[in-house]
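The primary structure of each chain is shown beneath.
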Amino acid sequence: MRHHHHRRSAGPTADDSDRRFARGPFGPGRGGPDFDGPGFGRGPRASRGNVRAAVLALLAEQPRHGYEIITEIAERSGGAWRPSPGSVYPTLKHLAHDELISLDHQEGKRVFQLTDSGKAYVQEHADELADPWNIPLEPVDEGVAALRDLTQAIHAAAKQVSRAGTAEQIAAAGEVLAQTRRSLYLILAGEPVAPETASPGTR
């Protein structure tokens, strides 16, 4: 009788995430908006100049891979700025085109590092590149904050139903959420939402 031994994965690594985000050495070919992740309460939008300065400042410290650059910016800004791969990877591509950075391999990982020209640029623009993630926070509208908190509470409740609910309860919860989603789009379209439409299952 043969026994099949399956090797357990150690789980995703930062380099795995880098490959997941990237298509080719410099990530997605088309840059998207600088978006801070799903949900409400996004931090202030950062211009391409901010992304460029942040990337150069981080690479001036040490070589890094793309995913590490993204997470490091979020950490140093205290979560206020979470740049997307669609803004970081095109910036890396432009910096490489300008011969300020190069792509190298270290311990099996693709990392970006400053070229001699890049090091000279960083020294010449030290003031400009100082603390680029220190972005003043924009005031958050109270209505937006309340909607964000309610959305998070609904997410927590739905998660609880998915874990502890019966098949019938899970199906009913799915109907409630689907109807709520439709109602939200009706509100956005400026159309009235009937009480029975907004609260299915209460009739």
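Structural notes, computed from the coordinates. (Residues numbered from 1 in each chain as written. Predicted model: local features only at pLDDT ≥ 70, side-chain atom pairs only at ≥ 80, totals over all residues. Heavy atoms only, no water.)

A word on unusual backbone geometry
- Even without glycine at this site, Glu99 takes up a positive phi of about 60 degrees.
- Here Glu99 lies in the loop between helix 4 (85-97) and strand 1 (101-106).
- Taking the relative accessible area as the measure of exposure, Glu99 reaches 55% and is therefore exposed.
- Non-glycine residue Asp131 carries a positive phi angle of around 50 degrees.
- Mapping Asp131 onto the fold places it in the loop between helix 5 (116-124) and helix 6 (142-164).
- Residue Asp131 is classed as partly exposed on the basis of its relative accessible area, which comes to 42%. (Helix = DSSP H or I, 4+ residues; strand = E, 2+ residues; numbered from the N terminus. Buried < 20%, exposed > 50% of the residue type's maximum accessible area, 1.4 Å probe, protein only.)

Some remarks on the pattern of salt bridges
- Taken as a whole and assessed by the stated rule, the structure comprises five salt bridges.
- For Arg64, the salt bridge identified is with Glu61, shortest N-O distance 2.6 Å.
- Accessibility expressed as a relative area gives 45% for Glu61, which makes it partly exposed.
- Residue Arg64 is classed as buried on the basis of its relative accessible area, which comes to 3%.
- Connected through salt bridges with shared partners, the residues Glu61, Arg64, Glu68, Glu72 and Arg76 form a single ionic network. (Salt bridge = Lys/Arg side-chain N within 4 Å of Asp/Glu carboxyl O.)

A short note on the pairing of strand 2 (residues 109-114)
- Both strand 1 and strand 2 contribute to a ladder of six bridges, which runs antiparallel. Bridge pairing links Leu103 to Phe112 in strand 2.
- Counted along the chain from strand 1 to the antiparallel partner strand 2, the turn is two residues long, and its residue Glu107 has a positive phi close to 55 degrees. (Pairing = 2+ DSSP bridges.)

Some details on the nonpolar core
- Counting 24 residues, the largest nonpolar core has Val55, Leu56, Leu59, Ile69, Leu92 and Ile101 as its most contacted members.
- Only helix 2 (48-61), helix 3 (66-76), helix 4, strand 2 and helix 5 provide two or more residues apiece to this core.
- At eight residues, helix 2 tops the list of elements feeding residues into this core. (Core = buried A, V, L, I, M, F, W, Y, C linked by side-chain atoms within 4.5 Å.)

Looking at the packing of helix 6 against helix 7 (residues 167-188)
- Look at helix 6 against helix 7: their axes get within 9 Å of each other, and the N-to-C directions meet at 155 degrees. Classified by the angle their axes make, helix 6 and helix 7 are roughly antiparallel. The hand of the helix 6/helix 7 crossing is left-handed. Across the interface between the two elements, Ile154, Ala158, Val161 and Ser162 of helix 6 pack against Gln169, Ile170, Ala173 and Leu177 of helix 7. (Axes fitted to C-alpha atoms, helices over the stretch in contact; angles between N-to-C directions. Parallel < 35°, antiparallel > 145°, perpendicular 65-115°, else oblique. Left-handed = near helix turned anticlockwise from the far one by under 90°. Contact = heavy atoms within 4.5 Å.)

Some words on a nonpolar patch on the surface
- Residues Leu147, Leu150, Ile154 and Leu177 make up a contiguous nonpolar surface patch of about 340 Å² in total accessible area.
- Top element by residues in the nonpolar patch is helix 6. It accounts for three residues.
- Within the secondary structure, Leu177 is located in helix 7. (Patch = residues over 30% accessible without salt bridge, like charges linked within 9 Å, V, L, I, M, F, W, Y side chains within 5 Å. Areas by Shrake-Rupley, 256 points an atom, 1.4 Å probe, with all protein chains shown as cover.)

Comments concerning helix 3
- Of the residues making up helix 3, those classed as buried are Gly66, Ile69, Ile70, Glu72, Ile73 and Ala74.
- Phi for Gly78, located one or two positions after helix 3, is positive at around 65 degrees.

Quick look at helix 4
- The terminal C-alpha atoms of helix 4 lie 18 Å apart, and with 13 residues this matches the ideal 18 Å at 1.5 Å per residue to within 8%.
- Among the residues making up helix 4, those that are buried are Pro85, Gly86, Ser87, Val88, Tyr89, Pro90, Thr91, Leu92 and Leu95.
- Positive backbone phi, at 60 degrees, marks Glu99, one or two positions downstream of helix 4. (Expected span 1.5 Å × (residues − 1).)

So far we have only geometry, and geometry alone does not tell us how the molecule works.
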